[in-house]
Amino acid sequence: MAKIVFEGVRKTFGDFTALDGIDLEIRSGEFLVVVGPSGCGKSTLLDLLGGLSTPTAGRILLDGKPVTGPGLDRGIVFQQYALLPWRTALGNVEFGLEATGVPRRERKDRAREFLDLVGLTGFEDRHPHQLSGGMRQRVAIARSLAYDPDVLLMDEPFAALDAQTRESLQDELRRIWQRTGKTVIFITHGIEEAVYLGQRVAVMTSRPGRIKEIVPVTFGERPGTGNGTADGTADGTGPAPASAAGPQGEDLRSSPEFARYRHEIWTLLHDEVARAQQLEKEEASV
Ligand SMILES: Nc1ncnc2c1ncn2[C@@H]1O[C@H](COP(=O)(O)OP(=O)(O)OP(=O)(O)O)[C@@H](O)[C@H]1O
């Protein structure tokens, strides 16, 4: 059974149709990336899945049950994550656990564990203003992971970061995904980011937002992707593969296969971006 199913989902705001005819199935443990022109409804799609808003028509199933509101089974990471400024990194991650009723003592240990997972051991006692943008986003990711949601919803989480930090966080995220087996839905404007992270890349049309095409990204040597399981083995029982970070990640990004996928997705997007810009111009002149 699919982990997540969108069935004929439509979302309107007044007489404006943001999303229409969304049919989509996402496997458990899959890393799905969504790309599309600005304003095509990517965040709306994620909000619906997060239970922050409800579809106008159709339904969304999570483990076979309709999504009716937010839940601890889904963690959300936004572009600018609102960390609590008066709490330390550790305190912010602990905050995510308070809602789940984890005892105080255990909360601390669990929070430390997740800060370690995102490479922030030694920074537990820093406040958000004492951390770089990349570190803050790591705290946000740790906070979302700490209460152990099955599904991670990420809305352009690395968009505000410089290129180098972004690439290193992409590597971290892949490593975390491979280790934890979470189902990840990741929105981005970055085609390279989409190819690097996604097992499948869903390309959306401009208004109303629909799924134009889904591109499976299958790198032969790529650990954890294209094999249908988060740990990169055929049946999900084998050992976790080595991290793709470092030189290997660099090799992937500069490989001819990578360039081919990038070009395929760029081509699919190009027409939609042009159409979206035309629509904006027409609206502006009314
Ligand atoms: N609450 C709302 N009320 C009215 N219109 C809305 C609302 N939320 C979103 N929209 C509109 O729906 C469309 C889709 O918005 P959404 O934020 O989902 O797009 P997006 O693809 O995430 O955009 P971007 O890539 O620029 O972040 C936009 O035209 C937006 O103006």
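Residues numbered from 1 in each chain as written. Predicted model: local features only at pLDDT ≥ 70, side-chain atom pairs only at ≥ 80, totals over all residues.

Going by what an unreviewed UniProt entry lists, the protein is known as ABC transporter ATP-binding protein and is assigned to Streptomyces amritsarensis.

Peer 1: Go over the domain arrangement of the protein with me, naming the residues and quoting the values.
Peer 2: The assigned domain composition of the protein is domain 1 (4-73 + 152-285) and domain 2 (79-148). Broken down by secondary-structure element, the contributors of at least two residues to the side of domain 1 that touches domain 2 are strand 7 (151-155) and helix 5 (163-180). The dominant element in the side of domain 1 that touches domain 2, judged by the number of residues it contributes, is helix 5, at 5 residues. Looking at side-chain class alone, the side of domain 1 that touches domain 2 contains 9 nonpolar, 2 polar and 3 charged residues. (Domains from an automatic or database assignment. Helix = DSSP H or I, 4+ residues; strand = E, 2+ residues; numbered from the N terminus. Nonpolar A, V, L, I, M, F, W, Y, C, P; charged D, E, K, R; others polar.)

Peer 1: Any chance you could break down the packing of helix 3 (residues 104-117) against helix 4 (residues 133-146) for me, citing the residues and the numbers?
Peer 2: Relative to each other, helix 3 and helix 4 sit at 130°, their axes nearing to 9 Å. On the basis of the axis angle, helix 3 is oblique to helix 4. Once helix 3 is placed against helix 4, the crossing between them reads as right-handed. Facing R110, A111, F114, L115 and L117 of helix 3, the residues of helix 4 in contact are A142, L145 and A146. (Axes fitted to C-alpha atoms, helices over the stretch in contact; angles between N-to-C directions. Parallel < 35°, antiparallel > 145°, perpendicular 65-115°, else oblique. Left-handed = near helix turned anticlockwise from the far one by under 90°. Contact = placed C-beta atoms within 7 Å.)

Peer 1: Summarise the environment of I141; cite the residues concerned and give the values.
Peer 2: Mapped onto the elements of the fold, I141 is located in helix 4. A C-alpha to C-alpha distance of 8.9 Å links I141 and V93, two positions 48 residues apart in sequence.

Peer 1: Talk me through the site of the ligand; I want residue IDs and the actual numbers.
Peer 2: Surveying the vicinity of the ligand reveals the residues F13, F16, A18, G36, S38, G39, C40, G41, K42, S43 and T44. Elements with a minimum of two residues in the shell around the ligand: strand 2 (16-26) and helix 1 (42-50). Sorting elements by how many residues they give to the shell around the ligand places helix 1 first, with 3 residues. Across the shell around the ligand, the residue classes tally to 4 nonpolar, 6 polar and 1 charged. (Near = placed C-beta within 6 Å.)

Peer 1: Kindly report on helix 5, identifying the contributing residues and their values.
Peer 2: Here helix 5 spans 25 Å end to end across 18 residues, near enough to the 26 Å set by a 1.5 Å rise per residue. Buried within helix 5 are the following residues: R166, L169, Q170, L173, R174, R175, W177 and Q178. In this structure, the buried side of helix 5 is in contact with strand 3 (31-35), helix 4, strand 8 (183-187) and helix 6 (191-197). Once helix 5 finishes, G181 follows within two positions and takes phi at roughly 70°, a positive value. (Expected span 1.5 Å × (residues − 1). Buried ≥ 20, exposed ≤ 12 C-beta atoms within 10 Å, placed from the backbone.)

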